[in-house]
Structures are given as C-alpha cells and as structure tokens.
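Overview (structure and organization)
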Amino acid sequence: RKEVEQDPGPFNVPEGATVAFNCTYSNSASQSFFWYRQDCRKEPKLLMSVYSSGNEDGRFTAQLNRASQYISLLIRDSKLSDSATYLCVVAGSDSNYQLIWGAGTKLIIKP
Amino acid sequence: EAGVTQSPTHLIKTRGQQATLRCSPISGHTSVYWYQQALGLGLQFLLWYDEGEERNRGNFPPRFSGRQFPNYSSELNVNALELEDSALYLCASSYSGGASEQYFGPGTRLTVT
C-alpha cells in the first residue's frame, strides 16, 4: 500500500459545479497535512494546510478524518482556472519525518 | 518577499556529462529540498538539506548529489547523465525542516540528449 494515495482522475466537471476528492494515508501518526495545486509544467503551489478542525478558504474546504485516515478537498462553484492537478501531502510527527507526496488528482473544469 | 529562485531555467546536456543546478531559498528558510519530476509523473524526492547538512535522500543513485552553502542556497549535481535523467528538477524551501510546508521555485528543465 502506498503511503499516500489519490485517485489520479481526471475529474471532468462543468463550470459552477462542486467537486470533492479524497486522499488516504497509511501512517496513523501523521500530524501535518497539506493540499497543493500544480498547473501543467509548473511548480506546485501551496493551496491550504489541513487542520484537525478543518479549514476553509473561500470556495475551498479541506477536512481531516483521522479515524479513517483520509483528507478531503471540496471546491465549490468551480472555475475554469481551477483546472489543475491537486497534490495531497502528508507528514509524520517526527521533525525528521518529511513530507510524503501523493501522485495527484487531475481536475478539468469544462465551460 | 522574493520566492525560491532556481537557475538555469533550461539546461541541455549530452549523455555522460555533468549537470549543476542551483537554488536560492526564501529568506529565513533553512531547509532546501530537491525533487525530480519526469514528464507526466509525480514528484520524486531527491535530497533534503538543513543547516548545511544532508538530512535525507530519496531512492536515487549516488551520482545525484548536492550541498548546501552557509547562506542556505543549494546546488544539485548530477554526474554521468543518462537519458532518463531528463526531467523538471524542483527546489523547495521551508522555514524549518521535516514536516513544514514547502515553497517551490519554478524549476530547472534538464534535457539529456
């Protein structure tokens, strides 16, 4: 089992719709969680950190479910500019335990 | 505030040559990470430097090496280049090591012919 698993997609979603995808992780001691987005042939950019209480930033909401060991990302009122690959990132409790990157979920927003 | 910078933007080498890639972290960041991303694939962790020391390395052969300088900038060296080394090489920095959020530079696109 991979340490961080994501559905590779692509998710084809009409503009204005709501889309959600999950990411599962294997290390129950993981303490830090992030979502990044990566546009084609560009560097990943931090989208948001995921806190135990959840996190919302505008149209984006991230949730953490420790019991089932997954994090989720919800995008409301999707825009064409949301088309990208979304990377799930997980880290452990040890400061030497670095970030583990998922392979990404590709999202395509269609007009 | 300036972000992570990388040079060169593009690099073309022939098989067997050596490549040197450079990275300057965000001011105040002490950790630098190197990743390889082949076209259409995910990020593959290469190396992590913090306070001038190599803290961890990924599953890559020894011909991939690097160092971090006293000003926290870093360079990645790839010796005896192979065709499959062609990829986007990304550098990221973080305020503290390990589990901290990372910020990426634009990458160096290495092409080996």
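None of these values were measured; they are calculated from a predicted model.

**Quick notes on the overall build of chain B**
Each helix and strand in chain B was counted, giving zero helices and eleven strands. Listing each helix as α and each strand as β along chain B from the N terminus yields β-β-β-β-β-β-β-β-β-β-β. For 113 residues, the compact-globule estimate of 2.2 N^0.38 gives 13 Å, and chain B sits close to it at 13 Å. Along the first, second and third principal axes, the C-alpha atoms of chain B reach 40 × 25 × 25 Å. Counting across all 113 residues of chain B, residues that qualify as buried make up 51%. Taken as a whole, chain B presents about 5,300 Å² of accessible surface, with 49% of it coming from carbon and sulfur.

**A short note on the sheet that holds strand β3 (residues 19-25) of chain A**
Residues and elements named next belong to chain A. With antiparallel pairing, the five strands of this open sheet are ordered in space as β1-β3-β8-β7-β6. The sheet terminates laterally at β1 (4-6) and β6 (55-57), the two strands that pair on one side only. Each strand of the sheet is rotated relative to its neighbour by a mean of 15°, with strand direction disregarded. Judged from the six bridges that link them, strand β7 (residues 60-65) and strand β8 (residues 70-75) form a sheet pairing that is antiparallel.

**Some remarks on the packing of aromatic side chains**
Overall, the coordinates contain twelve aromatic pairs over all chains when judged by the stated rule. Plain terms: the ring middles of F11(A) and F21(A) are 5.5 Å apart, the flat faces sit at 75° to each other, and that makes the pair edge-to-face. Of the two residues, F11(A) sits in strand β2 (residues 11-14) while F21(A) sits in strand β3, which places them ten residues apart along the sequence. For F11(A), a relative accessible area of 22% translates into the label partly exposed. Ring centres of Y35(B) and F104(B) lie 5.6 Å apart, and the angle between their planes is 40°; this geometry places the pair in the tilted category.

**Here we look at the environment of L110(B)**
Residues and elements named next belong to chain B. Examined against the element boundaries, L110 turns out to sit in strand β11 (residues 108-112). Sequence-wise, L110 and I12 are 98 residues apart; in three dimensions their C-alpha atoms are separated by 5.9 Å. Discounting chain neighbours no more than four positions away, the residues touching L110 are L11, K13, A19, L81, D85, S86, A87 and Y89.

Basis of the calculations
- Residues numbered from 1 in each chain as written.
- Chains lettered and ligands numbered in written order.
- Predicted model: local features only at pLDDT ≥ 70, side-chain atom pairs only at ≥ 80, totals over all residues.
- Heavy atoms only, no water.
- Helix = DSSP H or I, 4+ residues; strand = E, 2+ residues; numbered from the N terminus.
- Rg over C-alpha atoms; globule rule 2.2 N^0.38 Å.
- Buried < 20%, exposed > 50% of the residue type's maximum accessible area, 1.4 Å probe, protein only.
- Areas by Shrake-Rupley, 256 points an atom, 1.4 Å probe, with all protein chains shown as cover.
- Pairing = 2+ DSSP bridges.
- Axes fitted to C-alpha atoms, helices over the stretch in contact; angles between N-to-C directions.
- Phe/Tyr/Trp six-rings, centres within 6.5 Å; stacked < 30°, edge-to-face > 60°.
- Contact = heavy atoms within 4.5 Å.

So far we have only geometry, and geometry alone does not tell us how the molecule works.
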